[in-house]
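Given next are the chains, with one letter for each unit.
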Amino acid sequence: MTETEQQPKRSIAEWITFSIASFILAIIVSLVGYTWLNEKNQPPILSVTKKQTIREINGQFYVPFEVVNSGGDTAESVQIMAELMIDGKVTETGEQQIDFLSSGESEEGAFIFSHNPRQGQLNIRVGSYKLP
């Protein structure tokens, strides 16, 4: 190629294609950056609350609960434990396992007791979990 030869000018179609490709690339880079900056690098933060409504059906007492993962990571095999104490003695216990609880997710369940939980102290807690 000599100095007198010039490169051909780009057409309008080439400029439009280049602009669209650059715009798409900028959006992808921005989304990746946004996700990286806002990602919660926290372990699972699990909390369990019992609902106010205790149902009695056929002499059994159903105590509903809700467990929430407000942390950043997913929890597997979440173990929920309940302990009913009447007159200072543990009269009944219960245990449930939730297979999978991702960040921001909640699950509901119920424990079933043969003694009335209103006549004692009921403690519901998260016993354990594992990371995937």
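Residues numbered from 1 in each chain as written. Predicted model: local features only at pLDDT ≥ 70, side-chain atom pairs only at ≥ 80, totals over all residues. Heavy atoms only, no water.

> Would you mind going over the overall build of the protein in detail, with residue names and values included?
Along its length, the protein carries 1 helix and 7 strands. Element order for the protein, N to C, with α for helix and β for strand: α-β-β-β-β-β-β-β. Sorting the 132 residues of the protein into buried and exposed places 23% on the buried side. In the protein, the share of contacts with a sequence separation of at least 24, taken over all contacts with a separation of at least 6, comes to 68%. As displayed, the protein offers around 9,800 Å² of accessible surface, 54% of which is attributable to carbon and sulfur atoms. Averaging the coordinates of the 10 positive side-chain charges in the protein and doing the same for the 16 negative ones gives two points 6 Å apart. (Helix = DSSP H or I, 4+ residues; strand = E, 2+ residues; numbered from the N terminus. Buried < 20%, exposed > 50% of the residue type's maximum accessible area, 1.4 Å probe, protein only. Contact = heavy atoms within 4.5 Å. Areas by Shrake-Rupley, 256 points an atom, 1.4 Å probe, with all protein chains shown as cover. Lys, Arg positive; Asp, Glu negative; His and termini not counted. Charge placed at Lys NZ, Arg CZ, Asp CG, Glu CD.)

> Can you lay out the packing of aromatic side chains for me, pointing to particular residues and giving the numbers?
This model, assessed by the stated rule, comprises 3 aromatic pairs. Measuring from centroid to centroid gives 6.2 Å for W15 and F18, while their planes differ by 85°, and the two rings are edge-to-face. Here F18 and W15 lie together in helix α1 (residues 12–38), a separation of 3 residues that amounts to about one turn. A relative accessible area of 52% places F18 in the exposed class. The cationic tip of R55 hangs over the ring face of Y62; the distance from NZ or CZ to the ring centre is 4.9 Å. (Phe/Tyr/Trp six-rings, centres within 6.5 Å; stacked < 30°, edge-to-face > 60°. Lys NZ or Arg CZ within 6 Å of the ring centre and 35° of its normal.)

> How would you summarise the sheet that holds strand β7 (residues 121–130) if you had to cite specific residues and measurements?
Strand order in the open sheet formed by 3 strands is β5-β4-β7, and the pairing between neighbours is antiparallel. In this open sheet, the two edge strands, each paired with only one partner strand, are β5 (89–101) and β7. Put simply, the sheet's adjacent strands are angled 20° from each other on average, direction ignored. As defined by bridge partners, strand β4 (residues 75–86) adjoins β7 across 8 bridges and the pair is classed as antiparallel. Its bridge partner being in β7, M81 is matched across the sheet by R125. (Pairing = 2+ DSSP bridges. Axes fitted to C-alpha atoms, helices over the stretch in contact; angles between N-to-C directions.)

> Talk me through the UniProt feature "transmembrane region" (unreviewed entry) in the protein; I want residue IDs and the actual numbers.
What UniProt calls "transmembrane region" (unreviewed entry) maps, in this numbering, to residues 12–37. Annotation note: span residues 12–37, helix share 100%, strand share 0%, distance between end C-alpha atoms 37 Å. (UniProt positions renumbered as here; feature names shortened; annotations may be inferred.)

> Go over the pairing of β5 with me, naming the residues and quoting the values.
Across 11 bridges, the pairing between β4 and β5 is antiparallel. The partner of I86 across the bridge, within β5, is K89. From the end of β4 to the start of β5, which pair antiparallel, there are 2 residues, and D87 there has a positive phi angle of about 55°.

> Summarise the environment of N123; cite the residues concerned and give the values.
Looking at where N123 falls in the secondary structure, it is placed in strand β7. A relative accessible area of 31% places N123 in the partly exposed class. In this structure, the C-alpha to C-alpha distance between N123 and M81, residues 42 residues apart in sequence, is 8.1 Å. If we skip the residues at most four places from it in the chain, N123 touches M81, A82, E83 and M85.

> Break down the environment of T93 for me, citing the residues and quoting the values.
With respect to the helices and strands, the residue T93 is situated in strand β5. In sequence terms T93 and G109 are 16 residues apart; their C-alpha atoms lie 15 Å from each other.

> Before we move on, could you go through unusual backbone geometry and cite the residues and values that matter?
Backbone geometry places N58, a non-glycine residue, at a positive phi of 55°. By secondary structure assignment, the location of N58 is in the loop between β2 (55–57) and β3 (60–69). Judged by relative accessible area, which is 79%, N58 ranks as exposed. Unusually for a residue other than glycine, D87 sits at a positive phi of about 55°. Structurally, D87 can be placed in the loop between β4 and β5.

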